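# A structural walkthrough
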Amino acid sequence: MKTVKVYGPGCKRCDMTEALVKDAAAKIGVAVEIEKITDPKSIAMAGVISTPGISIDGKLVHTGGLPKEDALEKWLQG
Amino acid sequence: MNTETIYADHDQQHRIRLVKWGTSLVLVFVAWGVAYSQLVPFSEWITSLLPVARDSHTGEAIAFFVYDVPKVLLLLTLIVFATGVLRSWFSPEKTRAILAGNREILGYPLAALLGVLTPFCSCSSVPLFIGFVSAGIPLGVTFAFLIAGPMVGPVGLGLLFGLVGWKVALIYLIFGFTIAAVAGWVMGRMRLERYLQDWVRELNAGPIGEAPDEKFDIVDRLQVGVDQVREIVGKVWIWVVFGIAIGALIHGYVPEAMMLQIMGGDAWWSVPAAVVVGIPMYTNAAGVIPIVEALLGKGAALGTTLAFMMSVIALSLPEMIILKQVLTYRLIAIFIAVVASGILATGILFNAIL
């Protein structure tokens, strides 16, 4: 089980990012628990200043804009 | 399949992708050029189909509208694409690292420059603000960054260049940039840290997380450009149409004598009035520049018109509301006052020297 955190104040792209993570995880068969972090203070303190951002098991892998699908799969496998 | 063939395969796929993108890009550019060259015949043809006299007020307004809408949208698409590709080399995280290492006076112009080049959406203003301030970047430098971003956006500059001319675009660039750097410096000198919201002040130097390193090749960067076109042009086209409609009404109906009286630059109150009217108005650069084009065409003074445009673009109510989460009302008021003064000075200066 991997813990994925999606950082974003709740804009449309943040929701899309969450959906992309879900799809990618289902596609490669990795169990994930997704947590959405919407509080600006927690977002900034995690080192994310351009949203949406993604961390997997505590490691920040992406910030700013939608993630690429193949990159997402690689991060989830890694 | 051994590793070598996998690599060879990957290489070939990459090359195919590159060729595909290259070809479509050339085709799109050619189509763009053809469309752009046909703007005048197209607008005259549309206007001639309608039952109005070409030289009547209505005819003038319609011709302006059907000429400007496709023209602005074409220019906008090209500019947004080029900007998207250029900005893919920058990120707020990288910018923060650069600014955090630059404590000298150089920080202000640098912040203004990076404000122009760094991609960020207003929805991340708050995390960005906190991230900058908690990394020890002075408040004034952070403001210089936040002012320059919207004020000297490439969209605004590009449209100004395409619709009004390169001289006005260059003047706007220089003064927009100067206002951002100077306003940031002034606010830095005012020691405004005490007017941040309490919880923001209590955050001391948080960890500067390392920016994740993602590999981008040239095709990925072109893809960023296309995504930007889809997102930005998809969002602002309605503002553009609205702005051009107002521009068309001004172009067709407003008598030049009246314009000269209100915005001609002789009345002492015309610049302050333009700034005050511009603050609550909210549209983006793409919507206001067709209005600017029409105002200048009717003989409005350059200083007054520039002041109006800067005020509309740089001081917007929605952004203030977002920033209210981290700034007190007092700080927001100071922010508006300092930036408005800079715009005012620019407007008055231009009316005086031209």
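As a starting point, this report considers the structure included with it. If you're wondering where the values come from, they're calculated on a predicted model, not measured in any experiment. (Residues numbered from 1 in each chain as written. Chains lettered and ligands numbered in written order. Predicted model: local features only at pLDDT ≥ 70, side-chain atom pairs only at ≥ 80, totals over all residues.)

## Re the overall build of chain B
The following threshold applies: Where helices and strands are cited, they refer to DSSP runs of H or I of at least four residues and of E of at least two residues respectively, numbered from the N terminus. Every C-beta atom is placed from the backbone, and the number of other C-beta atoms within 10 Å of a residue's own sets its class: buried at 20 or more, exposed at 12 or fewer, partly exposed in between. We call two residues in contact when the distance between their C-beta atoms, placed using the backbone, is within 7 Å.
The secondary structure content of chain B amounts to 17 helices and zero strands. Projected onto the principal axes, the alpha-carbon positions of chain B cover approximately 70 × 60 × 30 Å. Put simply, chain B has 354 residues, and 42% of those count as buried. Intrachain contacts of chain B at a sequence separation of at least 6 include 88% that bridge at least 24 residues.

## Regarding the packing of helix 7 (residues 139-151) of chain B against helix 15 (residues 302-314) of chain B
Relative orientation and spacing of two packed helices are given, respectively, by the angle between their axes and the distance between those axes. Residue and element names in this part refer to chain B. The following threshold applies: Lines fitted to C-alpha atoms define the axes, with helix axes restricted to the stretch in contact, and inter-axis angles between N-to-C directions lie between 0 and 180 degrees. Crossing chirality is assigned from the near helix's rotation relative to the far helix, an anticlockwise turn below a right angle marking it left-handed and a clockwise turn marking it right-handed. The nonpolar class holds Ala, Val, Leu, Ile, Met, Phe, Trp, Tyr, Cys and Pro. Asp, Glu, Lys and Arg form the charged class, and all remaining residues, Gly among them, are polar.
It is the contact of helix 7 with helix 15, at a shortest axis distance of 8 Å, that shows an interaxial angle of 115°. Crossing geometry of helix 7 relative to helix 15 is assigned as right-handed. Contacts between helix 7 and helix 15 pair I147, P150 and M151 from the former with M310, I313 and A314 from the latter. Of the residues assigned to the contact of helix 7 with helix 15, the class counts are six nonpolar, no polar and no charged.

## Re the nonpolar core
Here is a general trend for soluble globular proteins: nonpolar side chains tend to be buried in one another's company. Residues and elements named next belong to chain B. So the rule is basically this: Joining buried Ala, Val, Leu, Ile, Met, Phe, Trp, Tyr and Cys residues through C-beta atoms within 7 Å gives a set, and that set is a nonpolar core.
With 111 residues, the main nonpolar core has A144, I147, A148, L159, A180 and V339 as its most contacted residues. No other element matches the twelve residues that helix 3 (residues 57-87) contributes to this core. Not counting the four nearest positions on each side in its chain, V339 is found in contact with I147, I179, A183, A314 and L315.

## Digging into unusual backbone geometry
Among all residues save glycine, negative phi is the norm, and among peptide bonds the norm is trans. All names here are of chain A. Of note, the amide linkage connecting T51 to P52 takes the cis form, showing an omega dihedral of -5°. Tracing the backbone shows P52 in the loop between helix 2 (40-45) and strand 3 (53-56). Backbone geometry at D57 places phi at a positive 45°, although glycine is not the residue there. Within the secondary structure layout, D57 lies in the loop between strand 3 and strand 4 (59-63).

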